[in-house]
Each structure stands twice: as C-alpha cells, then as structure tokens.
Amino acid sequence: MNLPVLWFCVIALLWLGYLFLEGFDFGVGMLLPVLGRTDTERRVLINTIGPVWDGNEVWLLVAGGATFAAFPGWYASLFSASYLPLVLFLVALIGRGVAFEYRGKIDSHRWRRSWDTVIFLSSWVAAIGVGLVLTANVTGIPLDAHGDRVGGPLAIVSWQALLGALAVAGFAVVHGAVFLALKTSGDIRERARRLAVKAAPFALAPLAAVLLVVQFQRGSALTWIPLLLVVVCAALAVHRLLADREGQAFALLGVAVAGAVVTLFGSLYPDVLPSTVDPANSLTVAGAASSSYTLTVMSWVALFGTPAVLVYQGWTYWVFRKRIATTHIPVA
Amino acid sequence: MNVLDIARWQFAITTVYHFVMVPLTIGLAILVAGMQTAWVRTGNPRYLAMTRFWGRILLINFALGVATGIVQEFQFGMAWSDYSRFVGDVFGAPLAMEGLIAFFVESTFLGLWIFGWDRLPKRVHLACIWAAAVATNVSAFFILAANSWMQHPVGVQLVDGKPRLTDIWAVLGNSTVLATFPHTLAGAFAVAGTVLVGISAWRLWKAKADGPVFRSSLKLGAWVGVAAFVAVAVSGDAQAKLMFQQQPMKMAAAEALCHTEQPAGFSVLAVGDVSQPDCENVKSIELPGLLSFLANSDTSSKVTGVTDLVGQYRAKYGSTYADGTPIDYVPMLPVTYWAFRLMIGFGVLAAAGCALALWLIRRGRGPGRWFARLALFGIATPFLANALGWIFTEMGRQPFVVAPNPSGVDGVWMFTAQAVSGKLTVGEALTSVIVLTLVYGVLAAVEAVLVVRAVRKPVEAAEPDDTPSSDVFTFAY
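Residues numbered from 1 in each chain as written. Chains lettered and ligands numbered in written order. Predicted model: local features only at pLDDT ≥ 70, side-chain atom pairs only at ≥ 80, totals over all residues. Heavy atoms only, no water.

Further remarks concern the overall build of chain A. Counting its regular elements, chain A contains 14 helices and two strands. Computed over the C-alpha atoms, the radius of gyration of chain A is 20 Å, within 12% of the 20 Å expected from 2.2 N^0.38 for a compact globule of 332 residues. In terms of principal-axis extent, the alpha carbons of chain A reach across some 60 × 40 × 40 Å. Within chain A, the fraction of its 332 residues that count as buried is 64%. Taking all contacts inside chain A whose residues are at least 6 apart in sequence as the whole, residues at least 24 apart take part in 79%. Distance between charge centroids for chain A: 10 Å, based on 22 positive and 17 negative side chains. (Helix = DSSP H or I, 4+ residues; strand = E, 2+ residues; numbered from the N terminus. Rg over C-alpha atoms; globule rule 2.2 N^0.38 Å. Buried < 20%, exposed > 50% of the residue type's maximum accessible area, 1.4 Å probe, protein only. Contact = heavy atoms within 4.5 Å. Lys, Arg positive; Asp, Glu negative; His and termini not counted. Charge placed at Lys NZ, Arg CZ, Asp CG, Glu CD.)

Shown next as structure tokens:
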C-alpha cells in the first residue's frame, strides 16, 4: 500500500472514530427533552457524556487537520464549497460546547432551560450538518477544474446529501439512546431502551437508504460486504436490546458505523472528492495527496499518536464506566 | 466591500477573540496545576481552595476557547482555499500534529480533571491537570510553528509553483518560532499573573474572610506577572532583531520609519499623520540611536526605511499583481506604528501593576481600595498587549500572507489577495462574519457574567470525598 492510500484509510478511520463517538453524544443532546423529563433527569443525561464529549469532538478536528496535511486540495475544495452549511455547523458546535459547561453555572430555571434548548437544537443541527457534508463529499459536488464550486452557496445540497443528513441524525438518535441505556440506571435506562427499539426501524432506514444509493452510484462488488454488515449488525443490535443486553447492542452499532464508513470510503476510492460537473475535475487519492516526505512525517506522528489516544481515551471511559442515576446528581 | 476584505475582517475578529481565551488558558492551566501540586504535597487547605477557585475560572474560559478554536481550523479551508492549496504540503502538518499530539491530550485530561475529583486517586487526578496544562503549551508551539512558517518560510523547496516540505525539523526549529514561542508564552503568563493580581486585590479589599487564599494568589500572580514581563522583554527583543532581518518592512512599519537612517532613533510618540510613507507633517519624540540598537545591538548602525524598502521589494517580488493592479508593499502604517507602541505600553503597565502590588502587600499590609479598583481595570492591560502584538505582527506582514524568506528559500511567498477562496460570494462572507460576530458577542457577555459570578463566590476548601461508598458525585454538570 502506498502512502496516499494509507492516509486515505487514516482519514476514514478518523471519521469512523468521530461518527462512533460523537454520534452518541449528539444523540444524547438530541434526546435531551425527550428522555429528560425533570431537571435532574436532564442532568443525568448530560453527565453521561460530560467528561468525554470534548475528547470525542477532537476526532473531527484531527480529521480536518489530517485532510489538510495529507490532501490539501481535498480540504480546500470541500471546505470552501460547503461554506454556508459549515458556518451553521460551526455555530452549532460552539453552542454545544459552551452549553455543557455553562448550563449549571447559574442556579436558575430559565438559565438551565435556555441551555437545554441550545444543546437540543445544536445537536440536531450538527448531526444534520455532518451527514450533509460527508454524503455530499462521497456522492460528489459540482467542482470546476481549479477545484472551486460551480453554482451558488447551496450547490453541495443534493437529494443524496439530504438523505445522508437524515441518515446521520437518525443513527445518532438510536446510538444515543442505546448509549443512555448502557450508561444510566433506573427509569431513564428503561425509557432509553424502549425508545431505541421503537425508533430503530424508522431512524436507521435513511442510513440503509443512503448506503444503497452510494453503492449503486459508486460502489463495487466488494463494498456490498460492509453494507450488508451494517444491515445485519443494526438488526442484531435491536435484537440484543430486546434481550436487555445494552453493551452488546452498543458494540454492534459500533460495527455498523464501521461498516457504513467502509462502504462510504470504499465507494469513494479512488476519488477523494468527485466532481458532478466533469469527472476530469474530480480530486483523486493519487492526485490530491501531499508529497511523500510530508506523508512519511505524518505517518510517524500517527503511528505513535493514534495508539496513545486510543489508550487514554479508553481509560477515560473506564474511569467513568459507572451507570449514572438521579441519586448520583448533587444538588445544584 | 469585496470578499477579500470581509474574509480578512472575519479572520481578524475570530482570531483576536479566540486569543482572549488562549493566553489565559495557557498561563492559568499551569498555575492551577502548581496550586494543586502545593495542596497534594502539603495538605494545606488554602492551596485546595486556590485550586478550586482559579480552576473554576479556568474552565469557564477554556470552554469558550475550545468552542472558538474549531472555527480557526475550518476557516483556512472555507475562506482561504487557495492559500490552503498553496501551503498544504507544509502548513497542514503542524496543525494535524497539534490535534493528534496536543489537543487530544488537553481535552481528554481536562475532562478527567473536571469530573475526576472523587473518582481518581489524588496523585492521578493531579497528573491529569498537569497533562492538560502541558498539552496546552505544546499545542501553542505547533500553532506558532505554523504561523512562523508564514512569517519566515523554511524547510521547503519550490516544486511546480508550490512549496514542498523537505525538512520538518527546519519548520519546527524555525528561528522565528524559537523566538515567537517564548514571547507568546511569556505574554500568556503575564495575562494569568495579572488576572490573579486583579481579582485577588479586589477580593482582599472586598471580603476579609478569605484573606489567606487571596493573599497567596495575589503574591503568586504578582511574581508571575513581573517575571513574565522580563521574559516578554528579552524574547521580544530577540524577536525584533530577527524581524529586522526576516521582514525589514514590518519593522520599518513598526516605526513608521520613512527614510533610511544611520543611526536611527526610536520614536516614542508621534504627532500628525503617520500613514504617509513620505513622513511629511509628522513630529515625533525620539530616543536617539535606540532603533539602531534594537535592530542590530549597535546604536550607530543603519536601519532601512519604508521608501527604500519599497524599491527593493518591487525589484524582488514584482510591482503588479497578475491582473495588473499595483502591489502596495507598505503595511497600514498607523496600525503597525500604534499597535507596536501600545503593545509595549500596556505590557509595561501590567508589569508595573504587578510590581506595585508586591510593594503594597509587603509585610502583611492590605492592597487598599484604590489599588483594588485600579487592579480590576488593570486586568485588561495584558490582554490588550497580546491582541495588539498579534495585530501588529499580522498586519505588518501585509501584503503577504506568506512572507518571503530573504535568505535561504527561493520563490516561496504568497500575497494575501491571492489566498482567498475564489468562488466565495460577498453574501456568504458577509453572512458568516455577521453571524459569527453576533454569536461571539453574546458569548462574550455570557462569559463575563459567569466569570464575575465565579469571582464573587466564597471559596471552598472542603476535601473531595474519594471514598468509593459515597453515592453522590462531588462534581456534576
């Protein structure tokens, strides 16, 4: 395997980490008013992700940084073409970020309710934004020969991209509910489990749909394998959930995300960013990659950096492994 | 207004704003880690109270710093895509390294520290704040290495019209970053020290109850502030000497030095319009020979002025852009001239305040009401100095976004006008600058309210309950 292909895989891996991890913390925010009926319950929900959401978000930052370093043209074209959707996405991430930290800082009902609204809305907007841009990247955006967008500010929004937006949002809802069933105890746990089971057929349908669209548009015979894995794992996850095995359901959803990412990036290859105007304008793994010296340097950094990240982030989840119930929450 | 101007305003607004939070985080994280170390080693509840009090302010500030930091990374691709295409082979690497090596550690271990009070052994919990604090500083290094490459490109070769990385150690060991990093770090500690002094002085005057906690904090802050100022001055001098060689136009613009002088004096204040590169109608109070000394460590040496440099730049880098419009090589002189002076002025004020605080509290004395008020306003001074320093160094580099390296690397430079995203519309750019500015404005107000409330809160010195039988968390959102 040559270095550009390796870095294409690294970026897919970073997306996998991001979708798996921030997927459930988006989901928790998206379900905040649904599963959190009282202020204490909402605090239980927020505290399941309190120590980890920021570390989860860094996966996106590193995915962005790695794309910049390994495929500058990809980073430049995708980000500039998606300008307005990304502004909205950024505003949502800013809102979410401060909301978790600021929510409990003033003891007032109105104050906390306002931040609850920010968490709820921004989690939805961010999940939709991620799905939109990621799917547009895979199914293609109108690019000219220089790599600039052809068309207006919303040129990246296609029906496929909108379907992808629904897919990520729907997945985040289910993933978040399963995570909550795994991380809470008592009434919330039961409600989260029931919600996940009930919502799964509807919420995961767009994911299956968008993967099929991608498969028929760009996939190969090989990408059928991860695609089928997604469907099987998602179905099994619901089955395990019915048997009260939240841990297994969560792990199966993890495999499903991996399958989805492999389907998407496997179909994308050998392009990194296809042009819908003219295939000749598409950016490719070989064409958009940085020099082999830069990729070698980055490979060394990733070789030592990535395992370390996995170890200490894993340790964080171990430290905060205890289920949270309303009885754990201190009085404000 | 064109897209270029709007994109520049947006970058300026978001960066200067982000850099209000950053230096406080860099400095305060280390100081809080130090406070907690003192508590773990001595068991003195005063140090625990300090850790808790300043830790809360650190976190309020950190949250906004993180939130606004994401915008910075995305902005290069969004608004400056031609810049990103041009420099990607070099510039992306330090950004990716920052994420992978520093920012992951910072955000993960800060989460562990926030929620770990009753769930981690004391020393492991202490190690978490140190990991986060050190990572914050490492993060600063990588970002400054990226910025320094824009100021002074090294470690590259021009291949197919683009810089190609040939030596990563040259980029990470760039003489510019070796001078900029200590200068920025010292500036950050000046901020943290002054914040400690300002808030502690106010608390000491306001409520005597927590006297020992804020006396210790004030003393610590003042010493840090004074020491940081010395480091700022020494590193700043080194940086300036370097800049006289690497970007002579920037330093001539810092002085609004129109004509080459030998020896050159340092203009302390100017009356009149410094915006004209011909220096008519400007009366300036000068310290003779000082500029020569700053540039070359020699009071009688020659310093080249703006008008002569323009000729040299035109000969070397061309006199028109591709579309035929002439290139203006002179940065905005009123901005560079005044930003440079005010940076130094506010820095001196902050240090003087810290030194004065040490004198006022000698042998058990209190700071007094007038100083408490003064110190509270004085908190703004090091923030202003930091912001003005960045405004100076970035505006002084114009019209370049990647300034040419006058020795060593050939052909690598980029004009800001060529860097902006080609198809970005005025509507999009205006929308984003307005939306971001409004959101940032609201959050500034929120942060201010929260910090004021945190400052007014009584200190807590109750030992965290780390017995596993306890069911209620010591800390939860």
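There is more to say, and it comes next.
From N to C terminus, chain B includes 14 helices and six strands. By the compact-globule yardstick of 23 Å for 477 residues, chain B fits well, its C-alpha radius of gyration being 24 Å. In terms of overall dimensions, chain B has C-alpha extents of about 75 × 45 × 40 Å along its principal axes. Out of the 477 residues in chain B, the part that is buried amounts to 59%. Partitioning the contacts of chain B with sequence separation of at least 6, the portion at a separation of at least 24 is 78%. Accessible surface, chain B as shown: approximately 18,600 Å² in total, 66% of it carbon and sulfur. Placing the 33 positive and 30 negative side-chain charges of chain B at their respective mean positions leaves the two points 14 Å apart. (Areas by Shrake-Rupley, 256 points an atom, 1.4 Å probe, with all protein chains shown as cover.)

We now examine the nonpolar core. Residues A:Phe71, A:Tyr102, A:Phe265, B:Trp54 and B:Tyr83 are the most contacted members of the largest nonpolar core, which totals 260 residues. Ranked by residues supplied to this core, first place goes to helix H2 (residues 45-79) of chain B with 20 residues. If we ignore the near neighbours within four places in the chain, the residues touching A:Phe71 are A:Pro4, A:Trp7, A:Phe8, A:Ile11, A:Ala66, A:Val272, A:Val285, A:Ala288, A:Ala289 and A:Ser290. (Core = buried A, V, L, I, M, F, W, Y, C linked by side-chain atoms within 4.5 Å.)

Another point: the packing of helix H5 (residues 72-81) of chain A against helix H3 (residues 81-115) of chain B. Viewed as axis vectors pointing N to C, H5(A) and H3(B) meet at an angle of 165°, and their least axial separation amounts to 8 Å. Classified by the interaxial angle, the pair formed by H5(A) and H3(B) is roughly antiparallel. Classified by chirality, the crossing of H3(B) by H5(A) is right-handed. Within the contact between the two elements, H5(A) uses A:Pro72, A:Gly73, A:Tyr75, A:Ala76, A:Ser77 and A:Ser80 and H3(B) uses B:Ser81, B:Ser84, B:Arg85, B:Gly88 and B:Asp89. Counted by class, the contact of H5(A) with H3(B) contains three nonpolar, six polar and two charged residues. (Axes fitted to C-alpha atoms, helices over the stretch in contact; angles between N-to-C directions. Parallel < 35°, antiparallel > 145°, perpendicular 65-115°, else oblique. Left-handed = near helix turned anticlockwise from the far one by under 90°. Nonpolar A, V, L, I, M, F, W, Y, C, P; charged D, E, K, R; others polar.)

Bringing the interface of chain B and chain A into the picture now. At the junction of the two partners, chain B supplies 77 residues and chain A supplies 72 residues. Summing both partners gives a buried area of about 6,600 Å² for chain B against chain A, and 72% of it is carried by carbon and sulfur. Across the contact surface, chain B and chain A share three salt bridges. For B:Lys423, the salt bridge goes to A:Asp144, with nearest N and O atoms at 2.7 Å. Seen at the junction of chain B and chain A, the total is 23 residue pairs in polar contact (both at pLDDT 80 or more). Broken down by secondary-structure element, the contributors of at least two residues to the side of chain B that touches chain A are H2, H3, helix H4 (122-151), strand E2 (162-165) and helix H14 (426-456) of chain B. When residues in the side of chain B that touches chain A are grouped by element, the largest group, 25 residues, is from H3(B). Of the residues that constitute the side of chain B that touches chain A, the class distribution is 46 nonpolar, 18 polar and 13 charged. (Buried area = accessible area lost by both parts, 1.4 Å probe. Salt bridge = Lys/Arg side-chain N within 4 Å of Asp/Glu carboxyl O. Polar contact = N/O pair within 3.5 Å; in protein donor to acceptor, adjacent residues only side chain to side chain.)

Okay, the packing of aromatic side chains next. Applying the stated rule across the entire model yields 51 aromatic pairs over all chains. With a centroid separation of 5.8 Å and an interplanar angle of 55°, the aromatic rings of A:Phe68 and B:Phe91 are classed as tilted. Taken together, the positions of A:Phe68 in helix H4 (residues 53-70) and B:Phe91 in helix H3 put the pair across two chains. Each member of the pair, A:Phe68 as well as B:Phe91, is classed as buried. (Phe/Tyr/Trp six-rings, centres within 6.5 Å; stacked < 30°, edge-to-face > 60°.)

Between side chains of opposite charge, pairing is possible as soon as their charged atoms come close. Residues and elements named next belong to chain A. Using the criterion set out here, one finds 24 salt bridges over all chains in the structure. Across the pair Glu 101 and Lys 105 runs a salt bridge whose closest N-O atoms are separated by 3.2 Å. By the burial criterion, Glu 101 is buried, and Lys 105 matches it. Note that Asp 244 and Arg 193 form a salt bridge whose closest N and O atoms lie 3.0 Å from each other. With Asp 244 in the loop between helix H11 (224-242) and helix H12 (246-268) and Arg 193 in helix H9 (residues 187-203), this pair connects stretches of sequence that are 51 residues apart. Among the charged side chains, a network of salt bridges with common partners joins Asp 39, Arg 42, Arg 103, Asp 107, Arg 112 and Asp 116.

The next point concerns the pairing of strand E1 (residues 156-159) of chain B. All names here are of chain B. Bridge count for E1 against E2 is four bridges, and the pairing is antiparallel. When the sheet's bridge partners are listed, Val 156 is paired in E2 with Leu 165. The turn linking E1 back onto E2 is made up of two residues, and Asp 160 within it adopts a positive phi angle of 50°. (Pairing = 2+ DSSP bridges.)

Here the focus is the side chain of B:Thr336. All names here are of chain B. Here Thr 336 is to be found in helix H11 (residues 333-360). Looking at Thr 336, the relative accessible area reads 0%, which means it is buried. Polar contacts involving the side chain of Thr 336 include one to the main-chain carbonyl oxygen of Ala 253, which spans 2.9 Å.

We now examine H3(B). Residue and element names in this part refer to chain B. For H3, spanning 35 residues, the distance from its first C-alpha to its last is only 39 Å, which falls clearly below the expected 51 Å at 1.5 Å a residue. Along its length, H3 reaches its greatest deviation from straightness, about 90°, at Gly 88. Burial of H3 is extensive: 34 of the 35 residues sit out of reach of the surface. (Expected span 1.5 Å × (residues − 1). Bend = angle between axes of the 7 residues up to and from the residue.)

The next thing to look at is a positive patch on the surface. Residue and element names in this part refer to chain B. Positive charge collects at one region of the surface, where Lys 206, Arg 369, Arg 373 and Arg 456 lie side by side. Locating Lys 206 in the fold gives a position in helix H6 (residues 175-206). The class for Lys 206 is exposed, based on a relative accessible area of 53%. (Patch = residues over 30% accessible without salt bridge, like charges linked within 9 Å, V, L, I, M, F, W, Y side chains within 5 Å.)

Bringing a nonpolar patch on the surface into the picture now. All names here are of chain A. A cluster of nonpolar side chains, Leu 212, Phe 216, Trp 224 and Leu 228, forms an exposed patch at the surface whose accessible area comes to about 410 Å². Mapped onto the nonpolar patch, the elements with two or more residues apiece are helix H10 (205-218) and H11. Relative to the assigned elements, Trp 224 resides in helix H11.

Residues and elements named next belong to chain A. Between helix H8 (residues 159-183) and H10, the shortest axis-to-axis distance is 7 Å and the interhelical angle comes to 140°. On the basis of their axis angle, the class for H8 and H10 is oblique. For H8 against H10, the interelement crossing comes out left-handed. Of the residues in H10, those in contact with Trp 159, Gln 160, Leu 163, Gly 164, Leu 166, Ala 167 and Phe 171 of H8 are Pro 206, Leu 207, Ala 209, Val 210, Val 213 and Gln 217.

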